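If you want the building blocks of each chain, they are given just below.
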Amino acid sequence: MRLQRILILLTIIILTPLNAFAAGECGLSCCIAGASSSGVTLASRFGISLQYEYSYMKPLREGSTEVTPGYVLDKKFAEGAAEYKAPTEMVMQKYSLIGSYPVTSNFMLIGIVPYVINDMTMRHRIGSMVMDMKMDTVSGIGDALLFAYYTFYQDEPVRPTLRFSGGLGIKTPTGKNNEKDKNGQLYHAMMQPGTGSWDPLFMVNGMVFLDPVWLQANVFYHLTTKGDSGYEFGDQLSADIISRYQMFKYMNIGLEVNGVYAGKDKDHDSRFATNTALLDNTSNTGLFAVYVTPAIQVKIPNTGGSFEIKYQQPVYQSVNGIQQVIDWRILASITWNF
């Protein structure tokens with residue numbers, strides 16, 4: 001029986017494509033994967049989780065080669081640009097409130113409301129003059145989503161050792177996507193809290209528990225559509241292979257492999273397009289990346305509470321055009337099931 005479970009899990013992993021689509025290097029997949037792995041989907045009456053993401057972005061890549069802001073500016077001026085801006089550092093933070101409600105023993109509703117905080121510094125060159133500048137912080141409620149999560153099979157109603165699940169969802173345009181700076185110029189599309197679009201979401205999930213090891217595979221697909229501003233992010237598909245080992249009674253350690261591939265964005269109405277900034281050219285969107293993510297999960301004794309922290313490190317990144325990519329990411333969550 002144990003061998004059969006291992007074979008089933010390996011089948012899931014083999015059929016999970018790592019070269020997948022995602023808007024940005026995480027997008028909504030971090031929230032969904034975090035919800036499924038944190039245990040909020042195991043709530044018997046209802047569950048609640050607060051998830052925090054801190055993404056530090058500094059390296060610039062041309063393809064898979066790291067380049068400098070100076071290289072980007074020199075290249076654009078050699079092509080005839082009179083002025084140009086290249087990002088030097090970006091910090092993206094997101095707080096996500098996640099709630100789960102079991103409608104039946106096999107059917108659960110999951111809601112996610114994010115709040116985003118984005119900061120960026122840029123290097124601006126006009127002729128021979130070069131200056132570093134910091135953009136104003138852009139923050140606000142992001143795009144909320146509602147997810148219907150269904151368990152197709154589990155071998156036990158409580159603490160299952162084998163489970164297959166999936167779900168459908170909808171991302172709503174609750175976040176603003178028309179924020180402007182003090183000069184009345186739109187912030188870059190990737191800096192906006194929301195997208196202005198209604199998008200369908202899909203996920204499949206497999207889990208097996210081989211005491212003391214817990215294994216899970218996720219595939220998440222986000223079919224993006226054009227927002228009301230005319231901007232359309234690339235479709236999202238991501239894959240996660242998640243492992244947890246019960247080191248002590250109330251502590252698990254884990255390791256994940258995460259793969260994303262970002263499709264190119266489209267600026268249908270050219271509202272965000274300029275010739276003076278790297279971030280405003282959609283040819284500099286879309287990437288393939290693989291991450292390794294160690295994790296620690298601590299359960300609060302005799303309660304439904306738990307805490308988890310992850311550190312995500314890219315091991316491979318390849319981009320279209322020239323893009324700023326993630327240097328490292330921290331994800332932390334606290335979950336309480338009732």
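Only a predicted model underlies this, so the values are computations on that prediction, with no experimental measurement involved.

Chemist: Before we go on, may I ask you to explain the packing of aromatic side chains in this structure?
Modeler: Given two aromatic rings, one states the distance between the centres and the angle between the planes to describe the pair. Per the stated rule, a full pass over the model turns up eleven aromatic pairs. Ring centres of Tyr 150 and Phe 152 lie 5.4 Å apart, and the angle between their planes is 65°; this geometry places the pair in the edge-to-face category. Summarising the aromatic geometry, the rings of Tyr 231 and Phe 233 are spaced 5.0 Å apart at their centres and angled 65° between planes, so their arrangement reads as edge-to-face. With a relative accessible area of 8%, Tyr 231 lands in the buried category. Exposure remark for Phe 233: the relative accessible area of 19% places this residue in the buried category. Members of the aromatic cluster, joined through ring pairs, are Tyr 54, Tyr 56, Tyr 311 and Trp 328. Geometry around Phe 77 places Arg 125 over its ring, the cationic atom sitting 4.0 Å from the centre.

Chemist: Would you mind going over the pattern of salt bridges with me for this structure?
Modeler: For side chains of opposite charge, pairing can occur when their charged atoms come near one another. Applying the stated criterion across every chain yields a total of eleven salt bridges. The partner of Lys 134 in a salt bridge is Asp 119, and the shortest N-O contact between them spans 3.4 Å. Here Asp 119 lies in strand β4 (residues 107–126) and Lys 134 lies in strand β5 (residues 129–134), a separation of 15 residues in the sequence. The class of Lys 134 is exposed, set by a relative accessible area of 54%. Across the salt bridge formed by Lys 310 and Glu 256, the nearest N and O atoms sit 3.0 Å from each other. Here Lys 310 is found in strand β16 (residues 305–319), whereas its partner Glu 256 is found in strand β13 (residues 251–261), with 54 residues between them in sequence. For the pair formed by Lys 310 and Glu 256, the shared burial category is buried. Each of Arg 244, Glu 256, Glu 308 and Lys 310 takes part in a single network of salt bridges with overlapping partners.

Chemist: How do you make sense of the confidence of the model for the protein chain when you look at a structure like this?
Modeler: Detailed reading of predicted coordinates is not advised where the pLDDT is low. On average, residues of the protein chain carry a pLDDT of 87, and 87% of them reach 70 or more. Per-element averaging of pLDDT across the protein chain places helix α1 (residues 2–14) at the bottom with 39 and strand β2 (residues 65–67) at the top with 97. For the stretch residues 1–23, pLDDT sits under 50, and the model shows 52 contacts to residues farther than four places along the chain or on other chains.

Chemist: Mind showing me how you'd approach the side chain of Arg 329 here?
Modeler: In this structure, Arg 329 sits in strand β17 (residues 322–337). Glu 53 provides the closest opposite charge to the buried, unpaired Arg 329, separated from it by 4.5 Å. Reaching out from Arg 329, the side chain makes a polar contact with the side chain of Ser 55 at a distance of 2.9 Å.

Chemist: Teacher, can you tell me more about the pairing of strand β15 (residues 287–299) here?
Modeler: Put simply, side chains in a regular strand alternate between the two faces of the sheet. Strand direction decides the pairing type here: β13 and β15, joined by eleven bridges, are antiparallel. Paired with Leu 255 across the bridge in β15 is Pro 294. Looking at chain direction, β15 and β16 are connected through eleven bridges and run antiparallel. When the sheet's bridge partners are listed, Ala 289 is paired in β16 with Gln 317.

Chemist: Teacher, can you tell me more about the side chain of Asn 177 here?
Modeler: Here Asn 177 shows up in the loop between β8 (162–171) and β9 (199–210). A polar contact of 3.3 Å, which involves the side chain of Asn 177, links it to the backbone oxygen of Thr 195. Polar contacts involving the side chain of Asn 177 include one to the side chain of Asp 228, which spans 2.9 Å. Contact partners of Asn 177, with chain neighbours within four places excluded, come to Gln 192, Gly 194, Thr 195, Gly 196, Asp 228, Ser 229 and Phe 272.

Chemist: Explain unusual backbone geometry to me, please; I cannot follow it from the model alone.
Modeler: The general pattern is negative phi for most residues beyond glycine and trans for most peptide bonds. With an omega dihedral of 10°, the bond running from Asp 211 to Pro 212 counts as a cis peptide bond. Positionally, Pro 212 belongs in the loop between β9 and β10 (213–222). Despite not being glycine, Ser 270 has its phi angle at roughly 55°, a positive value. Note that Ser 270 resides in the loop between β14 (266–267) and β15.

Reading the values: the criteria
Residues numbered from 1 in each chain as written. Predicted model: local features only at pLDDT ≥ 70, side-chain atom pairs only at ≥ 80, totals over all residues. Heavy atoms only, no water. Phe/Tyr/Trp six-rings, centres within 6.5 Å; stacked < 30°, edge-to-face > 60°. Buried < 20%, exposed > 50% of the residue type's maximum accessible area, 1.4 Å probe, protein only. Lys NZ or Arg CZ within 6 Å of the ring centre and 35° of its normal. Salt bridge = Lys/Arg side-chain N within 4 Å of Asp/Glu carboxyl O. Helix = DSSP H or I, 4+ residues; strand = E, 2+ residues; numbered from the N terminus. pLDDT = per-residue confidence, 0-100. Contact = heavy atoms within 4.5 Å. Lys, Arg positive; Asp, Glu negative; His and termini not counted. Polar contact = N/O pair within 3.5 Å; in protein donor to acceptor, adjacent residues only side chain to side chain. Pairing = 2+ DSSP bridges.

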